[in-house]
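# Topology and contacts: notes
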Amino acid sequence: MTTRLRWGSATDVGRVRSQNQDAYLEADPIFAVADGMGGAAGGDVAARVAIQALRAAAEPSEEGLIEGVRRANQAVMARADDDPSLRGMGTTLSAIALVPGDDGDADGDRVVVANVGDSRVYLLRDDDLLQITRDHSLVGDLVEEGRLTREQARHHPQKNIVTRVVGHEAGLEVDTWEVIPFTGDRFLLCSDGLFDELEDERIAAVLRSVDDPERAAGELVDLANDAGGHDNTTVVIVDVVDDGGRSAHASAALPADGDQVTGAARAGTAATAGAVRAGAAAPEGPAESDRPSGPGDGDRRSSDAGARPVRSRITWRVVAFLTAVALVLGGAAATVVWYARAGWFVGVDGGDVAIFQGRPGGVLWFDPSLERRTGLGIDDLPPARRAAVREGKEQPSLAAAERYVDNLRDQAEQERRATTTTTTTTTAPPPPPPPGSP
Ligand code: MG
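The structure displayed is predicted, hence computed values, not measured ones.

Attention now moves to the coordination of the magnesium ion. Taken together, Asp-35 (OD), Asp-192 (OD) and Asp-231 (OD) make up the full set of protein donors to the magnesium ion, lying 2.1 to 2.2 Å away. Taken in chain order, the donor set of the magnesium ion reads D-x156-D-x38-D. Here the residue Asp-192 occupies a position in helix α5 (residues 192-195), and Asp-231 occupies one in the loop between α7 (213-226) and β11 (233-242), the gap between them amounting to 39 residues. According to the relative accessible area criterion, Asp-192 is buried, its value standing at 5%. On the basis of relative accessibility, which here comes to 13%, the residue Asp-231 falls in the buried class.

Turning our eyes to something else, we now look at the packing of helix α6 (residues 200-209) against α7. Pairs of packed helices are described in terms of their axes, by the angle between the two and the distance that separates them. Two numbers describe how α6 lies on α7: the axes approach to 9 Å, and their chain directions differ by 150 degrees. Put simply, α6 runs roughly antiparallel to α7. The interaxial crossing formed by α6 with α7 has right-handed handedness. Seen from α6, the contacting residues are Arg-202, Ile-203, Val-206 and Leu-207; seen from α7, they are Ala-216, Glu-219, Leu-220 and Leu-223. Tallied by class, the residues present in the contact of α6 with α7 amount to six nonpolar, no polar and two charged.

Okay, the packing of aromatic side chains next. Aromatic ring pairs are described here by two measures, namely the spacing of the ring centres and the angle between the planes. Counting across every chain of the model gives three aromatic pairs. A ring pair is formed by Phe-345 and Phe-356, whose centres lie 5.0 Å apart and whose planes are at 10 degrees; its orientation type is stacked. Of this pair, Phe-345 sits in strand β13 (residues 344-349) while Phe-356 sits in strand β14 (residues 352-357), and the two are eleven residues apart along the sequence. With respect to burial, Phe-345 and Phe-356 carry one shared label: buried. Relative to Phe-366, the ring of Trp-365 has its centre 5.5 Å away and its plane inclined at 35 degrees; by these criteria the two rings are tilted.

The four strands lie next to each other as β15-β14-β13-β16, forming an open sheet whose pairing is antiparallel. For this open sheet the edge positions go to β15 (369-377) and β16 (393-395), each flanked by a neighbour on one side alone. Strand-to-strand, the axes of this sheet are offset by a mean angle of 30 degrees, without reference to chain direction. Of the strand pairs in this sheet, β13 and β14 are connected by six bridges, and their pairing is antiparallel. Counted as the bridge partner of Val-348 is Val-353 from β14. Those strands touched by helix α11 (residues 383-391) are β13, β14 and β16, and its axis lies near 105 degrees from that of β13.

This next bit is on the sheet that holds β11. Within the open sheet, the five strands sit side by side as β1-β11-β10-β7-β8. Their pairing is antiparallel. Looking along the sheet, the strands with just one partner apiece sit at the ends: β1 (4-12) and β8 (128-131). Between one strand and the next, the sheet's axes are offset by a mean angle of 20 degrees, whatever the strand orientation. Sheet strands touched by α7: β1, β10 (186-190) and β11. Its angle to β1, the strand with the most contacts, is close to 25 degrees.

In this section: α6. Looking only at α6, the buried set comprises Asp-200, Ile-203, Ala-204, Val-206 and Leu-207. Angular distribution of buried residues about the axis of α6 spans 160 degrees; they occupy a single face of the element.

Time to look at the packing of helix α1 (residues 42-57) against helix α2 (residues 62-82). Direction vectors running N to C along α1 and α2 enclose 140 degrees, while the axes themselves pass 8 Å from each other. On the basis of their axis angle, the class for α1 and α2 is oblique. Pair α1 / α2 crosses with right-handed handedness. Of the residues in α2, those in contact with Val-45, Ala-46, Val-49, Ala-50, Ala-53, Leu-54 and Ala-57 of α1 are Gly-64, Leu-65, Gly-68, Val-69, Arg-71, Ala-72, Ala-75, Val-76 and Arg-79. Tallied by class, residues from the contact of α1 with α2 come to twelve nonpolar, two polar and two charged.

Now for the side chain of Asp-231. Among the polar contacts listed, one links the side chain of Asp-231 to the side chain of Arg-17, at a separation of 3.1 Å. If we skip the residues at most four places from it in the chain, Asp-231 touches Val-13, Gly-14, Arg-17, Asp-35, Asp-192 and Gly-193.

Our focus in this paragraph is the nonpolar core. Leu-54, Leu-65, Val-69, Leu-93 and Val-166 are the most contacted members of the largest nonpolar core, which totals 33 residues. Put simply, the parts of the chain that give this core at least two residues each are β2 (22-27), β3 (30-37), α1, α2, β5 (93-99) and β6 (110-116). Tallying contributions element by element places α1 first for this core, with eight residues. Here Val-69 is in contact with Leu-54, Leu-93, Ala-114, Val-116, Val-166, Leu-172 and Val-174, once residues within four sequence places are set aside. With 22 residues, the next largest nonpolar core counts Leu-198, Val-206, Val-210 and Ala-216 among its residues.

Definitions and limits used
- Residues numbered from 1 in each chain as written.
- Predicted model: local features only at pLDDT ≥ 70, side-chain atom pairs only at ≥ 80, totals over all residues.
- Heavy atoms only, no water.
- Donors = N, O, S within 2.8 Å, 3.2 Å for Na, K, Ca; no water.
- Helix = DSSP H or I, 4+ residues; strand = E, 2+ residues; numbered from the N terminus.
- Buried < 20%, exposed > 50% of the residue type's maximum accessible area, 1.4 Å probe, protein only.
- Axes fitted to C-alpha atoms, helices over the stretch in contact; angles between N-to-C directions.
- Parallel < 35°, antiparallel > 145°, perpendicular 65-115°, else oblique.
- Left-handed = near helix turned anticlockwise from the far one by under 90°.
- Contact = heavy atoms within 4.5 Å.
- Nonpolar A, V, L, I, M, F, W, Y, C, P; charged D, E, K, R; others polar.
- Phe/Tyr/Trp six-rings, centres within 6.5 Å; stacked < 30°, edge-to-face > 60°.
- Pairing = 2+ DSSP bridges.
- Arc of directions from axis to C-beta.
- Polar contact = N/O pair within 3.5 Å; in protein donor to acceptor, adjacent residues only side chain to side chain.
- Core = buried A, V, L, I, M, F, W, Y, C linked by side-chain atoms within 4.5 Å.

Rendered as C-alpha cells:
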C-alpha cells in the first residue's frame, strides 16, 4: 500500500452538556467517531466500549471493518447485559479504513466507509464537500423523502431520534461505501454536535482554508461552540497526502475525449452502498489516539453543500444520453396526457346529467373535468339508461356527447309523457256525453 495519510482530531463537551459522551479512534489506517446515548453514564460507556471493540477487531478491509462494527455492537450489548444501570445505552459509529489493493499496487487502494447512526463521514474533494454517509435518523429519512430541507432538519425538534444504533440488537445492519482515494482528498468524520451547529458551507470553508488537520479539527470544534455548543462535538480529519501516483496513472490512461473516464476515476466516491447483517462479541480498552504524521499536501480548495455520494463530470455523451431519456419519458408522459384529456363522456355531477372531458374515473393523476351540466336529472332518465350514465358513457367528441344528451332528453320526455298519459287515462272522469246524443 503506497497511499499515505495524515490526520488530526478535536473533541469538546460543548457549552451545555456536563459530560462528553463522544469518543473517537485514530489508529492508522482505521479512524472512527462514536456518539453515545442513553442515560447519565450510559452514552459515555457505549461510545467508549464501541471504539475500543472496533480498534481491537477491525481489519483494513471491507469485511474487516464491518466485522469491527459488529464486534462493537456485541460489546456494547454485552456490557449493558452485565450492568442493569446501563440498559438501553447505544452509540452511533462512523468509521473509515484505508484498504490496500490486492497486489500491493497503490492503484488498488481504497477507502472503505462504514456507518450506523447519525454521525457523518464527509469527503472534501476539489470544489465539493460531499456527505458520504446516510443519516439513520427520523429527520434524515424526512430529508431523503424530500419532506424536509437539510436546513429544516438541523433545527427540527425531533432531530435527535436515531433509527439505527450500535448496541441495541444483534441483527445490526451496517452501511458501507468505497472511495478511490486521490491526493488532496480530505475525509471528515464528525458527531452531530458539528453539523447541527454549522452549515455545510461553513464547515467546507474551514476544511478548505486550514491546511493542518489537527488545527482544522480544533477550529471546527471552536466554531460549533461559538454557535451554541448545544451538544458534544467531535471531529476527525484524515487527509490523503500521497495516492502513490494513481491520479497520474488515471490521467495517462485517458483517451482523447476522456472526460467521462476522468469523471469515473476521479469521482470514485462510492457508489457501492452495502448492507450487511451482524453477530459476535468483543473486548474493551482505553480510548485511542495516535498522533499525526506525514507532510502536508498544501493547496486545498473546496466549497459548499453537502450532497449525496458520487459526483462526476458531465460530457456530451452523458448529455446526449440524458436528452434521449428525457425525450422518451417526455413522449410517454405526453401520450398519457393526450389519452387522459382526449376523451369525452356523459356522466353524473351532483344528481344532474353532465358532460365531462377526460376518461371516466380518470387516468393516473388526471381527473376528468366538468364541461357543463345539462339540467337533466339522472332520476328523470328511463331506468334502463341510468346505470350506463352513472358509469360514464364515453363519446368520441363533444358534439357526439351533446347528441347523446339530446337523445336522453327526448327519451326522458317520452317517459314523462307516457307516465302522464297513463295517469290521465286511469284517473280522469269519463267525459260527459255531447249534447244531443242519444
Ligand atoms: Mg451528539
